[in-house]
Amino acid sequence: MAEAGSFADRVKQQADIVRVIGEYVRLKKSGQNFTGLCPFHGEKTPSFAVHPVKQIFHCFGCGKGGDVFSFVMEMEKCPFPEAVKVVAEKCGIPVPRPKERTPEERKENQQRSALIEIHREAQAFFVRQLESTAEGRAARAYLEDRGLNGETIAKFGIGYAPSGGDVLLRQLKPKYAEKLLVESGMISRDQSGARLFDRFRRRITFPIANESGKIVAFGCRALGDDLPKYLNSPETPIYSKSNVLYHMDRAKEPIRRQDFAILVEGYMDAIAVARAGIGNVVANCGTSLAEPQIKLLGRFTKRVIVNYDPDVAGQAATERSLTLLLEHDFEVRVLALPPVGDKKADPDLFIREKGAEAYIKLLKEAPPYVDYLIARARQMDLSTGEGKQRALNFLMPYVQRIPNRLLRSEWATRIAQQLRIDEPVLRAALNKSATERRGEVKVSPQLVGKPAKQIERRLIRMLAEAEGFKRELAQRLQHGRLYEGLETEKVFAALIVASLSDEPIPATEIGAQLEERERRLFFEILFEDAQEPTWEEAESCLDALRRRQIEQELAKVQKTIEANPSGAGLRELLERKQELMKQLTAAGQPG
C-alpha cells in the first residue's frame, strides 16, 4: 500500500498503467479499456483488461488483478519497493538514491503520523466548539442561514475555531512539542518568535481530507468582517494544496460510477452540489487548478464539467483550467449559471434559490467547452478586423487542442459563422498556426475582417455600375439604414453619396475618399467577373440585409429579456420579440 505523500504514492499518481503493462502485454483499445492475452495463464482469447482511468488491471480468466505495482511484482517476482523503482524508471520519474532508512527517515514517518493525529484532534475540538459554546451557536446560526442543517454540518465535519487566541493551543500543548505544533500549520508564532497562538480564530472550519479520508488541512471562513475572508492551512509535510481536491475522498466512487466529475471553486459550492444529490463533485478551493490535481482526477474519470463562479475571476479560472484539462485529454463541458435576480450565481446560491432540479437540468445541458468559449469571444468587440483577430487569438489555444480532426473542422466552421469571418481565411490561419505550432493566429487584420459576403459585394458592384437603378438602390439602403454596422459600411456610405449625386463621380474619385483597406476592397470587387445585375437581384439582397437587421435587434431584445427585467418593461420586450419574429417570417426567415 502506497502511503499518502510517500514516493510510492507520487509514482502511482504519475504512472500510466497502460504504458507500463504495454511493455509486457500487447494491448488493444476496446471501448474505454484496453485488452490483451493474460500473461499469467495460457489463453487464446483475450480476457485480460486494463482500465486506464481507474489505473487497475484484471483478468476475467484467472482472476488476477490489482494496480501497476502488483502487476510488476507478479511479472518481475520482486518485492514492493523494487516494483516502485521499476515503475518509476519506466515512467521517467527520478528515483531517490537507494539507502537504508535512517533515523531521520524514521523520525519523518513518526512526524507525519503525529501531524495526522494533531489534525484529528483539532477536528474533534472544532466540532465541540460549534456544538457546545455560545460562539459556536452564532456560527451555527450563520450556517443554517446558508441553508445547512445539522445533518449536513455533521456529515461534512464543519466546526468552529473560537476567537480566543490560544484555546486550541492549550488543548494540544500538553501532548505535542511546540515545533511540531507550528509545523502542523494549526499553531503560529508571533514575529518575535516568543509567543504561540492559534492560526484559526473566529472562523468556521472545513476539514480537508486526502484521498484516503485522513484530515490533512483546514479551510476556514471568517464569521465576521475579518480579513482575509478565507484562510487555509499552509503547506506542511502532509499537505500540499496542489495535490488535494476537496471532497475527493467521498466523491471518488460516484465519479467512477458516473464517469464524470463536476469541478467547482469552494467548499460551500461542493457541499451545496453534494446536498443536491450529486456526489461526484470536487473543489479546488480558490486556488488555481494544478497539474497534480488533474492527474488525481484522471485516475477516476476523463470527463469533467467545470462550474466555477461567473465573475471575472471565475471566468479566468475556467479558462486556465480548460487549458490544463485539455492538455491531459479530458472531455470538458462548461456550466455557466444564469444570474439569480440581480446577483451572479455560484452553485451554492443557485441551488438555494432555484433548487436541485433546476441545477441538475442545467448540468445535463452544459455545452462543450468550445461553445462556451465562442460565447465568450462574441462578447469582445467584433466590429473591426483587429477585434476579430483578438477573438481568434483568444480561441486559438483551445481549438488547437481538439484531438479529432473532423471535430476541429466542424468547430472552425462554427467559429467562422459566429464571428462573421471568411471561412477560407480562418482555415488557412488555423492550418498555418498548427503547422508552425503557434498558439495564436498570425494573419492580417484586414484579411480576418475582410467583408467577403457575396450579398455585400453584389450590392457594391450595383451601386458602382447599375446606371438604370443605382439611385433607387441607394435611396432604399439609406432610408432603411441597411448598410450600417456592416464591415463594408464606409464603402457603402461613399457609394450612396456618389449614386445620389446629380453629377457622375468616377470610381477613382470614390476610391480616393476611402482608407487603404476599403479602397483595396472596392477595386477588388470592381475587377471581379460578375453577371449583369438586375433589380430582382437587388431586391433579394436588400431583403437579406433587412433580415440581418431584424435578427440583430431580436438578439438584443432576447439578451435584455434574459437579464430578468420586471413589470411593464418585460411585457414590452416580449411584445417586441413577437413582432420581430413575425417580421422575420414575413421576410422569408422562419421564426
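Student: Talk me through the environment of Ile305; I want residue IDs and the actual numbers.
Tutor: Relative to the assigned elements, Ile305 resides in strand β14 (residues 303–306). Residue Ile305 is classed as buried on the basis of its relative accessible area of 2%. Considered as a pair, Ile305 and Asp145 are 160 residues apart in the sequence and their alpha carbons are 28 Å apart. In contact with Ile305, other than residues within four places in its own chain, are Phe260, Ala261, Ile262, Leu263, Arg333, Leu335, Leu363 and Ala366.

Student: If you had to explain the pairing of strand β9 (residues 203–209) to someone new, which residues and values would you point to?
Tutor: Of all seven residues that make up β9, seven are buried, and the element is covered over most of its length. Both faces of β9 are covered, namely the face carrying Arg203, Thr205, Pro207 and Ala209 and the face carrying Ile204, Phe206 and Ile208. Taken together, the three bridges between strand β6 (residues 159–161) and β9 define a ladder with antiparallel strand orientation. Considered in β9, the bridge of Gly159 is made with Thr205. Summarising the sheet, β9 and strand β10 (residues 215–222) pair through seven bridges and their orientation is antiparallel. Within β10, the residue paired with Ala209 across the bridge is Ile215. In sequence, β9 turns back onto β10 through a hairpin of five residues, with Gly213 there showing a positive phi of about 95°.

Student: A description of empty space enclosed by the protein should follow, citing residues and the corresponding values.
Tutor: Leftover empty space is mapped by rolling, across the atoms, a probe with the size of a water molecule. On inspection of all chains with the given rule, the structure shows two cavities of 30 Å³ or more. Estimated volume of the largest cavity: approximately 40 Å³. Phe260, Arg303, Val304, Ile305, Glu331, Val332 and Arg333 are the residues that line the largest cavity. For the lining of the largest cavity, the elements supplying multiple residues, two or more each, are β14 and β15 (331–334).

Student: Can you break down the sheet that holds β14 residue by residue, with the values?
Tutor: Read across the sheet, four strands follow the order β13-β12-β14-β15 without closing on themselves; strand pairing throughout is parallel. The open sheet is flanked by β13 (281–283) and β15, the only strands paired with a single partner. Within the sheet, the average angular offset between the axes of one strand and its neighbour, ignoring direction, is 30°. Packing against the sheet, helix α10 (residues 248–258) makes contact with β12 (261–264), β13 and β14, and its axis sits at approximately 135° to β13. Each of β14 and β15 touches helix α13 (residues 312–327); the most contacted strand, β15, lies at about 165° to it.

Student: Give me the lowdown on unusual backbone geometry, citing residues and values where you can.
Tutor: At Gln55, a position not held by glycine, the phi torsion is positive, near 60°. For Gln55, the location among the structural elements is in the loop between β3 (48–51) and β4 (56–59). Judged by its relative accessible area of 13%, Gln55 is buried. Look at Arg202: it is not a glycine, yet its phi comes out positive at around 50°. Inspection of the secondary structure puts Arg202 in the loop between β8 (196–198) and β9.

Student: Residues and numbers for the packing of helix α11 (residues 267–275) against helix α14 (residues 347–354), please.
Tutor: Where α11 contacts α14, the two axes come as close as 7 Å, and the packing angle between them is 40°. Residue-level inspection shows Met268, Asp269, Ala272 and Val273 of α11 in contact with α14, the latter providing Pro347, Asp348 and Ile351. The class makeup of the residues in the contact of α11 with α14 is five nonpolar, no polar and two charged.

Student: Help me get a handle on the pattern of salt bridges, residues and values and all.
Tutor: Counting across every chain of the model gives 24 salt bridges. The salt bridge partner of Glu121 is Lys175, with a shortest N-O separation of 3.2 Å. In this pair, Glu121 sits in helix α5 (residues 103–132) while Lys175 sits in the loop between α8 (167–172) and α9 (178–183), placing the two residues 54 residues apart along the sequence. The exposure class assigned to Lys175 is exposed, which follows from its relative accessible area of 55%. When the shortest N-O distance is used, the salt bridge between Asp543 and Arg546 registers 2.6 Å. Taken together, the residues Asp543 and Arg546, both in helix α26 (residues 535–562) and three residues apart, mark about one turn of the helix. A residue is classified by how much of its surface remains accessible, and Arg546, at 31% relative accessible area, is partly exposed. Connected through shared salt-bridge partners, Arg146, Asp348 and Arg352 make up one network.

Conventions and cut-offs
Residues numbered from 1 in each chain as written. Predicted model: local features only at pLDDT ≥ 70, side-chain atom pairs only at ≥ 80, totals over all residues. Heavy atoms only, no water. Helix = DSSP H or I, 4+ residues; strand = E, 2+ residues; numbered from the N terminus. Buried < 20%, exposed > 50% of the residue type's maximum accessible area, 1.4 Å probe, protein only. Contact = heavy atoms within 4.5 Å. Pairing = 2+ DSSP bridges. 1 Å grid on protein atoms, 1.4 Å probe; cavity = no way out; pocket = protein on both sides within 12 Å on 5 of 7 lines; lining within 4 Å. Points joined across faces, edges and corners; volume = space filled by probe spheres on them. Axes fitted to C-alpha atoms, helices over the stretch in contact; angles between N-to-C directions. Nonpolar A, V, L, I, M, F, W, Y, C, P; charged D, E, K, R; others polar. Salt bridge = Lys/Arg side-chain N within 4 Å of Asp/Glu carboxyl O.

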